[in-house]
Structures are given as structure tokens and as C-alpha cells.
Amino acid sequence: MPLEDGDPVRQRGQRVNGEVSGTPRLGGTGDPLLRGTPAPNGSGMEAMAEGRDLGPALGDRDVSPGGGPQQAGQREEALMTELSELVQKVVKSSSWWERHGVDIGILACSFLLLPAGFLCLRSAQAIPFLAGVLTLGVVHHTLTVKGSHLASHNALTESKSWGKVWAIFFIELCSAFTAEQGTYNHVKIHHGYTNVIGLGDSSTWKLPFLNRYVYMFIAPLAVPIITPLVALDLLRNVEWKVALRTLCCMFLGLYCHYWLLLHVSGFQSPWSALLCMLLTRSLLAHPYIHVNIFQHIGLPMFAADRKPKRIHLMSLGVLNLPRNALLDWSFGHSLISCHVEHHLFPSLSDNMCLKIKPIVSQYLKQKKLPYNEDTYASRLRLFLQRYEELMVHAPPITELVGIQ
């Protein structure tokens with residue numbers, strides 16, 4: 001991260017453009033589990049339905065580094081405009097298959113694998129049974145993580161009406177969460193205020209009363225249980241019609257899974273079916289939790305009234321992980337190797353984020369803006385070593401002075 005000469009900087013563990021650096025402390029200053037700010041009472045899912053490119057949150061007083069505030073702000077807005085034009089050219093030249101079809105195809109393939117997964121669980125032999133568990137676990141996370149994430153950003157279709165339908169299907173029926181609250185907390189809060197203290201700083205993923213090993217390796221197993229419980233609590237903030245719809249969808253999704261295990265997979269007792277549900281639904285819960293904290297926590301954090309413009313905010317506060325076949329399929333490129341691109345252009349599908357990645361990375365590096373990348377293993381070591389600092393104590397606020 002380039003800083004002006006003479007600024008006292010204390011480097012801390014993030015990797016910028018392939019080099020380890022960290023949250024600048026100038027002058028010694030200092031992500032179901034979606035428990036964010038409650039959405040306004042209503043049923044419109046306004047956050048999902050709004051514009052295709054989410055800009056800075058309204059009412060914020062953005063502060064741009066370097067020079068006078070107005071001049072610096074105009075310069076950064078020009079950078080974002082120039083990058084947006086480059087990306088828009090790629091989007092307009094892309095086919096429907098590239099914009100939406102690839103990701104819809106992955107979700108469709110996942111649905112087609114469901115019968116094979118349930119039938120494999122009928123086997124008394126270990127290998128077919130484990131193949132069934134693996135299949136259902138991967139399918140579950142593809143539908144609930146990738147499907148819900150794309151649906152929350154209306155990235156599966158150009159139609160807002162169909163976007164709402166897909167959001168209800170993937171978030172409520174498949175994920176046992178509430179579409180209104182999930183969409184609001186993720187799109188409006190996390191994306192609108194990325195790494196802003198008290199808003200989009202990923203603090204909802206912190207459980208400071210747990211030690212590092214319990215949090216990183218044991219607690220994720222409880223995600224399938226905690227997610228619907230959190231959703232039930234959030235239903236107090238929505239209209240009764242929305243709450244009733246959400247309850248029906250959540251019950252239908254969970255009961256269908258349970259019924260299929262009993263009547264198709266041949267489980268003999270309710271408890272064995274419930275245990276299998278827990279196993280398949282928590283199969284990739286560890287990387288799910290890890291990804292949500294690795295890509296934001298430990299990076300620069302800002303105060304709500306002292307944050308940079310959008311292009312600086314996203315380039316400073318977001319990190320990409322390397323490509324991984326399993327996680328790319330189950331979670332999507334926008335959550336793994338193209339997270340920077342996703343935060344800059346949240347309405348694009350996973351496949352389009354992957355397509356614009358070379359353009360975005362080259363542009364940010366050319367303009368000497370941060371482009372954060374690190375490996376999964378490196379981030380895991382970092383969080384185990386500095387768990388108290390990153391996950392228990394309040395993060396320091398990054399000063400903007402000197403950031404170019």
C-alpha cells in the first residue's frame with residue numbers, strides 16, 4: 001500500500017499485490033450467522049431490487065486521501081468511472097450464457113445430482129454411502145451459498161421480479177434463512193459499508209467468547225442449527241405476511257430434506273436422518289466461515305464519517321483467495337478468487353467476475369491502488385496466530401492521511 005514518505009507506518013498481516021503488509025497504523029492510531037443491522041420493516045426487498053451497480057451508501061461523508069477533499073474526490077470518482085466503462089464494455093460484449101448461463105448451469109447440475117446423492121445413501125457399503133454424503137454436502141452448499149449469494153444481488157437474471165422469486169427460493173427454501181433480512185444485511189450493509197466500523201466490518205462473524213481453535217474448527221459444525229434460529233429471531237423485524245411466508249419456506253425446505261432421507265435414502269430412525277442432515281449441511285461449513293473472515297477482517301477499517309471513496313474502500317478492504325475447484329463450484333468465484341471484483345461490481349455473476357478479473361487487477365495495479373491477494377493457508381495461519389487481536393479486540397481505525 002503506497003504511503004507518503006515520512007508517515008510512520010506499522011505493517012500488519014495482509015498481502016497487497018502479492019506482498020505481505022497490513023492495516024496502516026499512522027501515528028499509533030488505531031459476513032446463515034448473518035446477524036447484521038435489521039432491515040426496515042417491509043416486504044419489498046428494496047436492497048436486491050435497486051440498481052445494478054451499488055454505489056456508496058447515501059448520507060455518508062466520504063473523505064478522499066491526498067490533496068483537497070473536493071479535488072481528491074473528483075479524482076477518485078474519475079478512476080471509478082474509467083474502470084466502470086472498461087468493465088461495461090466487457091459486459092456488453094458478453095453473451096447471455098457468459099452473463100448468466102454458466103452459473104445457472106452450475107446450479108441446474110447441482111439439482112440434477114440430488115437423486116444420485118439420496119440414492120447413494122441407501123447403500124450399506126461405506127464408499128457409496130460416503131459418496132452420497134459428499135454429493136449432498138456439495139450440492140447443499142452450492143444451492144445455499146452460491147445460489148443465495150447470486151440471488152441476493154439479482155445476478156441470476158435481468159428481471160427484478162424473477163430475481164425476487166430466486167431470492168426467496170434459494171435463501172428461504174434452500175438455506176432456511178429470511179430473504180428480506182439476508183439481502184438487506186448483505187447488500188445494503190456489508191456492501192454499502194465494507195469495512196466500516198459498526199456497519200459492514202464483518203463483526204457479525206465474531207464470537208469473542210470462543211477460543212481460536214473452537215471458533216475455527218468446531219463452531220462451524222453448528223452453522224446448520226444456528227442459521228434458522230437466527231432467522232427466526234430476525235423475523236421480528238418484518239411484516240407478518242413476510243414472516244409467515246418465510247416460516248413456510250423454511251419448514252418446507254427442511255422437511256423435504258428430512259422426508260427424502262427417510263423415504264428415498266431409507267433411514268430407519270428420525271435421529272439418524274437428522275444426524276445425516278447435520279452432516280451434509282455442515283460439510284463445507286469450515287471454509288464457509290473461514291472465507292467470510294479471511295477476506296475482510298485484518299484489512300484496513302474505517303469510521304463511517306472518515307472513509308475513502310468507493311474504489312479505494314473496496315481495493316483496501318477486500319482480499320482475493322486463490323482459485324480452488326471445490327470452492328469455486330460450491331461458493332462461486334465472487335466469494336473466492338474474485339472478491340475484489342465482486343465488491344466493485346456486485347451485480348455481476350460469478351462467471352462475469354472471473355472474466356473481468358484481469359481488467360480490474362491490471363487497472364488497480366496500474367493506478368497504484370491495492371489489489372489484495374493471499375492464500376487460504378496463509379490466512380489460516382494469520383488468524384490462528386493473531387486471533388485475539390483480529391477476532392476479540394476491536395480493530396483499529398485506519399487513518400487516511402498519506403494513502404495515495
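Calculation notes
- Throughout this document, residue positions are counted from 1 along each chain, in the order its sequence is written.
- Given that this is a predicted model, residues contribute local features only at a pLDDT of at least 70 and side-chain atom pairs are listed and counted only at 80 or more, while totals for whole chains, interfaces and linings are drawn from all residues.
- Values reported for side chains reflect all heavy atoms of the structure, with hydrogen atoms and water molecules removed beforehand.
- In this description a helix means any DSSP run of H or I spanning at least four residues, a strand means any run of E spanning at least two, and both kinds are numbered starting from the N terminus.
- Only protein chains enter the accessibility calculation, which uses a 1.4 Å probe; a residue is then buried when its area is under 20% of its type maximum, exposed when over 50%, and partly exposed in between.
- Only the protein chains shown count as cover for residues, with accessible areas throughout obtained via the Shrake-Rupley method and a probe of 1.4 Å.
- Patch membership requires over 30% relative accessible area and the absence of a salt bridge. Like charges are linked within 9 Å, and nonpolar side chains (Val, Leu, Ile, Met, Phe, Trp, Tyr) within 5 Å.
- Salt bridge, as used here: a side-chain nitrogen of Lys or Arg that lies within 4 Å of a carboxyl oxygen of Asp or Glu.
- Axes, fitted as lines to C-alpha atoms, cover a helix only where it is in contact. Angles between the N-to-C directions of the axes lie from 0 to 180 degrees.
- Roughly parallel refers to an angle under 35 degrees, roughly antiparallel to one over 145, roughly perpendicular to one between 65 and 115, and oblique to any angle outside these ranges.
- Helix crossings get a hand from a simple test, with the near helix turned counterclockwise from the far one by less than a right angle marking a left-handed crossing and a clockwise turn marking a right-handed one.
- For this analysis, residues touch if any pair of their heavy atoms sits within 4.5 Å.
- In this count, Pro and Cys sit with the nonpolar residues alongside Ala, Val, Leu, Ile, Met, Phe, Trp and Tyr, while Asp, Glu, Lys and Arg are called charged and the others, Gly among them, polar.

Under an unreviewed UniProt entry, the name given to the chain is FADS6 desaturase, and the source organism is Haliaeetus albicilla.

J.: Would you mind going over the overall build of the chain with me for this structure?
T.: The number of helices and strands found in the chain is 17 helices and 4 strands. By residue count, 54% of the 404 residues in the chain fall in the buried class. Surface accessibility of the chain: about 17400 Å² in total, with carbon and sulfur atoms responsible for 64%.

J.: I would appreciate a short explanation of a nonpolar patch on the surface in the present structure.
T.: A surface patch of nonpolar side chains, amounting to about 400 Å² of accessible area, comprises Tyr213, Phe217, Ile218 and Leu221. Position of Leu221 among the secondary structure elements: in the loop between α7 (212–218) and α8 (223–234). Overall, the relative accessible area of 40% leaves Leu221 in the partly exposed class.

J.: Please clarify how the pattern of salt bridges should be interpreted in this entry.
T.: Oppositely charged side chains can form a pair if their charged atoms are brought close together. One pass over the structure, following the stated rule, counts 10 salt bridges. Between Arg245 and Glu172 there is a salt bridge, and its shortest N-O distance comes to 2.7 Å. You can see Arg245 sitting in helix α9 (residues 240–263) and its partner Glu172 sitting in helix α5 (residues 160–174), a full 73 residues away along the chain. A relative accessible area of 21% places Arg245 in the partly exposed class. With relative accessibility at 0%, the residue Glu172 sits in the buried group. The closest approach of N and O atoms between Glu180 and Arg245, which form a salt bridge, is 2.7 Å. Remark: Arg245 occurs in helix α9 and Glu180 occurs in helix α6 (residues 179–191); sequence separation between them is 65 residues. Linked by salt bridges that have partners in common, Asp103, Lys146 and Asp350 make up one network.

J.: What exactly am I supposed to notice about the packing of α9 against helix α10 (residues 270–281) here?
T.: A packed helix pair is summarised by two numbers, namely the angle formed by the two axes and the spacing between the axes. One can describe the packing of α9 onto α10 by two numbers: an axis separation of 9 Å at closest approach and a directional angle of 120°. By the angle between their directions, the pair α9 and α10 is classed as oblique. Considering the relative orientation of α9 and α10, their crossing is right-handed. Contacts between α9 and α10 involve Gly253, Leu254, His257, Tyr258, Leu261 and Leu262 on the former and, on the latter, Pro270, Ala273, Leu274, Cys276, Met277, Thr280 and Arg281. Its residues assigned to classes, the contact of α9 with α10 comprises 9 nonpolar, 3 polar and 1 charged.

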